[in-house]
Amino acid sequence: MSGLTPEERLAARLDEAARRGEVTSQPSQAAPLSVADAYAVQELAIARRLDRGERLVGVKMGFTSREKMAQMGVDEVIWGRLTSAMLVPDGDRIAPDHYIHPRIEPEVAFLIGRDIPPDAPPETITSAVTAVAPALEIIDSRYADFRFTLADVVADNASAAGFVLGAWRAVPPSLDCLGVLLEVDGRTAEVGATASILGDPWRSLAAAARLTGRAGMPLRAGWVVLAGGATAAVPLRPGAQVRAVIESLGSASVTVAARARLSDHPGAATSGTAPRRVVASPEYAQYAGEAPPCDAPHQTPRPDPG
């Protein structure tokens, strides 16, 4: 890779690690890396994916909880890019060997109906959203032991690896205090509320519009914005069936194959096989008091048919 800039070499290394499902060393171990340079590396790495035919379809937000910000010593969220190859159809099956040490978390997704100009006022941002959906995000650091500095994770596209979208729904009157469950194999693994996402997922969307606009990549019509995790992420192991349920919004689910099959890849349909559904746990009531406190009362989501 002679003739490449340090940023281009790092982008190529991270892209290759993601393609091969292999860990690579944290760039901060070799030399200092600023956050600004890390975003430049992220853009270069995604450009390599676009050169292979993938399309840019949205952005994801990270560090959207106070606890994570405090852990990383930052007071601002981060963002990464989503491509068409990262999209996993709802209820589909994915191959475990595509990832390194994947985790999964429930999120709220926004569908952007029209372009949002840089420095748009809040009313312009909210009015540009045409639908919302429950979502799952698969995160998978390309670094050993899921350890990284702020600049490391930004360069690694904020650990973005895949995402699942449930059915799009009309925008509800409020998103700030909806109950959230993350289920693994039909059992409740995590309980939370959308208030965990910066207090209100709309704040995450506003941050996405501000940060991407500042970077010269304003949010476009048709893009998806993942607002950030509503609960802690859990490990995604082979054979697992995972489902996110969000009050008033519905559910999104994915199954991990017990072993790799040619058709088991993110974004690839498993034709001829009906998706395996995760049955929601009936014991919701016992978790009602465990979600983060909200300014307004909320209900723990109820099981929905199928």
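Our structure's up above, just so we're on the same page.
Keep in mind that what you see is a predicted model, and the values were worked out from it rather than measured.

Peer 1: Can you help me understand the nonpolar core in this one?
Peer 2: Within soluble globular proteins, side chains that are nonpolar generally end up buried alongside one another. By size, the foremost hydrophobic cluster in this structure holds 51 residues, and its most contacted members are Met61, Phe110, Ile116, Leu205, Leu219 and Val225. The contact partners of Ile116, leaving out residues within four places of it in the chain, are Ile125, Ala128, Ala209, Pro218 and Leu219. The next biggest cluster of nonpolar side chains, apart from the first, holds 18 residues, and it includes Ala161, Val184, Leu236 and Val256.

Peer 1: Would you mind going over unusual backbone geometry with me for this structure?
Peer 2: Residues other than glycine predominantly adopt negative phi, and peptide bonds predominantly adopt the trans conformation. The backbone of Asn157 shows a phi angle near 55°, a positive value even though the residue is not glycine. Within the secondary structure, Asn157 is located in the loop between helix H5 (150–155) and strand E7 (160–165). Assessed through its relative accessible area of 6%, Asn157 is described here as buried. For Leu198, which is not glycine, the phi torsion reads 55° and is therefore positive. Turning to its location among the elements, Leu198 is positioned in the loop between strand E9 (187–193) and helix H6 (201–214).

Peer 1: Any chance you could explain the packing of helix H1 (residues 6–20) against helix H2 (residues 35–51) here in plain terms?
Peer 2: Each packed pair of helices is defined by two parameters, the angle between the axes and the distance between the axes. Look at H1 against H2: their axes get within 8 Å of each other, and the N-to-C directions meet at 55°. Relative to H2, the element H1 is oriented oblique. When you trace H1 past H2, the crossing you get is right-handed. Of H2, the residues touching H1 (which contributes Glu7, Glu8, Leu10, Ala11, Ala12, Leu14 and Asp15) are Asp37, Val41, Leu44, Ala45, Arg48 and Arg49. In terms of residue class, the contact of H1 with H2 is made up of 7 nonpolar, no polar and 6 charged.

Peer 1: Quick question: what am I supposed to make of H6 here?
Peer 2: Think of an α-helix as 3.6 residues a turn; residues three or four steps apart then line up on the same face. Over its 14 residues, H6 extends 20 Å from the first C-alpha to the last, a length consistent with the 20 Å expected when each residue adds 1.5 Å. In terms of residue burial, H6 counts as a mostly covered element, since 10 of its 14 residues are buried. Along H6, the positions that sit buried rather than exposed are Pro201, Trp202, Ser204, Leu205, Ala207, Ala208, Ala209, Leu211, Thr212 and Gly213. Its buried side turned inward, H6 meets strand E1 (56–62), strand E2 (78–83), strand E5 (103–112), helix H4 (122–127), strand E6 (129–139) and strand E10 (224–229). Downstream of H6 by a residue or two, Gly216 has a phi angle that is positive, lying close to 80°.

Peer 1: Which parts of the structure should I look at to understand the layout of surface pockets?
Peer 2: It is the rolling of a water-molecule-sized probe over the atoms that shows where space remains empty. The calculated volume of the second largest pocket comes to roughly 380 Å³. As for the second largest pocket, its lining consists of 26 residues, and the residues nearest its centre are Ala18, Arg19, Arg49, Met86 and Arg142. Elements with a minimum of two residues in the lining of the second largest pocket: H1, H2 and E7. Residues of the lining of the second largest pocket, tallied by class, amount to 13 nonpolar, 5 polar and 8 charged.

Quick notes on the rules
Residues numbered from 1 in each chain as written. Predicted model: local features only at pLDDT ≥ 70, side-chain atom pairs only at ≥ 80, totals over all residues. Heavy atoms only, no water. Core = buried A, V, L, I, M, F, W, Y, C linked by side-chain atoms within 4.5 Å. Buried < 20%, exposed > 50% of the residue type's maximum accessible area, 1.4 Å probe, protein only. Contact = heavy atoms within 4.5 Å. Helix = DSSP H or I, 4+ residues; strand = E, 2+ residues; numbered from the N terminus. Axes fitted to C-alpha atoms, helices over the stretch in contact; angles between N-to-C directions. Parallel < 35°, antiparallel > 145°, perpendicular 65-115°, else oblique. Left-handed = near helix turned anticlockwise from the far one by under 90°. Nonpolar A, V, L, I, M, F, W, Y, C, P; charged D, E, K, R; others polar. Expected span 1.5 Å × (residues − 1). 1 Å grid on protein atoms, 1.4 Å probe; cavity = no way out; pocket = protein on both sides within 12 Å on 5 of 7 lines; lining within 4 Å. Points joined across faces, edges and corners; volume = space filled by probe spheres on them.

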